[in-house]
Amino acid sequence: MKKPAVLAAAFAATLLATPVLADDFPSAISVSGEAHVSAAPDLAQIDAGVANDAKTAKEASDANNAAMGKVLLALKGAGIAEKDYQTSRLSLQPQYGQNKSTGASPVVGFRASNRVTVKIRDVTKVAGIIDTLVSAGANDIGNISFEVTQASKLLDDAREQAVADARRKAEIYAKATGVTLGAPLSVSEGSGPVPLFKARMATAPMAAPAAVAPGEETLSVTVNVSWAIKPKE
């Protein structure tokens, strides 16, 4: 009859000796910090193309090959390395007319087009390269974009600023809740796309030199930091 009492006492002692499960995990304050830095882009990329219409597919293709050959030769003459320009699209499409009496759409000719993507590693030469392309016969200048290629390296100072920003926020929360910050438990960096500036250029040949303004890009970094907390002394 005494065994249940002994078991109950032993069970109660076990509860007193075992910490609550939540105490096994350190309490923490987790916040995000941000920082920004401005930088001038050091790489530009543009799309340029030529399109030719002819009665037959061969005539359109031959004319287009000759036209693109002049464009590529002009790029080489402007000092663009062969590794920095690449064919991005090549097409040969029939062109349809309309027979009003029958409603049919017969093939009346063909259009051949060829586009090339060009990287320009000296952004001060962008306007000159565009003028060179147009003068060589490019009749479709497409998107232009600017990029900061050393973004990660340029963000090193901003990373320190982001951690300081996270600590500032954490200290505000610690003061408001009556605790003090301990050692950081974890630090992780949030990533985002590298900013690019894109614009659409006119497709018609330009009478005046192209006006291009690279401007500056704003690079951002975010860090997520968790700090252990302890009672205020």
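Structure shown above.
How each quantity is defined
Residue numbering note: each chain is counted from 1, following its sequence as written. This being a predicted model, a pLDDT of at least 70 is required before a residue's local features are given, and a value of 80 or more before pairs of side-chain atoms are given or counted; all residues contribute to the totals for chains, interfaces and linings. Based on all heavy atoms of the structure, the side-chain values leave hydrogens and waters out of the count. Every helix listed is a DSSP run of H or I at least four residues long, and every strand listed is a run of E at least two residues long, numbered separately from the N terminus. Any helix carries an expected span of 1.5 Å times its number of residues minus one. For every residue, the accessible area obtained with a 1.4 Å probe (protein chains only) is divided by the maximum for its type, and the residue is called buried under 20%, exposed over 50%, and partly exposed between those limits. Note on contacts: a residue pair qualifies if any of its non-hydrogen atoms lie within 4.5 Å across the two residues. Each direction from the helix axis to a C-beta atom contributes to the arc, which is the arc of those directions. A strand pair is defined by DSSP finding two or more bridges across the two strands.

Digging into helix 5 (residues 156-177)
The first and last C-alpha atoms of helix 5 sit 32 Å apart over 22 residues, in line with the 32 Å expected at 1.5 Å per residue. Of the positions making up helix 5, those classed as buried are Ala158, Arg159, Ala162, Asp165, Ala166, Ala170 and Ala174. Considering only its buried residues, helix 5 is in contact with strand 1 (28-39), helix 4 (151-154), strand 6 (179-190) and strand 8 (217-231). Downstream of helix 5 by one or two residues, glycine 178 has phi in the positive range, about 75 degrees.

What to know about the environment of arginine 159
Position of arginine 159 among the secondary structure elements: in helix 5. The spatial distance from the C-alpha of arginine 159 to the C-alpha of valine 223 is 7.5 Å, given a sequence separation of 64 residues. Contact partners of arginine 159, with chain neighbours within four places excluded, come to Ser152, Glu189 and Val221.

Describing helix 2 (residues 57-77)
Given 3.6 residues per helical turn, the α-helix brings residues three or four places apart onto the same face. Between its terminal C-alpha atoms helix 2 stretches 30 Å, which fits the 30 Å expected from 21 residues at 1.5 Å a residue. Here helix 2 has its buried residues at Ala60, Asn64, Ala67, Met68, Val71, Ala74 and Leu75. Axial view of helix 2: buried residues confined to an arc of 110 degrees, hence all on one face. In this structure, helix 2 carries Lys58, Lys70, Leu73, Lys76 and Gly77 as exposed residues pointing more than 90 degrees from its buried face. On its buried side, helix 2 packs onto strand 2 (43-54), strand 3 (85-96), strand 4 (107-120) and helix 3 (126-135). Positioned one or two residues after helix 2, glycine 79 has a phi angle of 90 degrees, which is positive.

A closer look at the pairing of strand 4
Inspection of the sheet shows strand 2 paired to strand 4 by 11 bridges, in the antiparallel sense. Residue glutamine 45 lies in a different strand from strand 4, and its bridge partner there is lysine 119. As paired strands, strand 3 and strand 4 are joined by 11 bridges and run antiparallel to one another. Paired with proline 94 across the bridge in strand 4 is phenylalanine 110.

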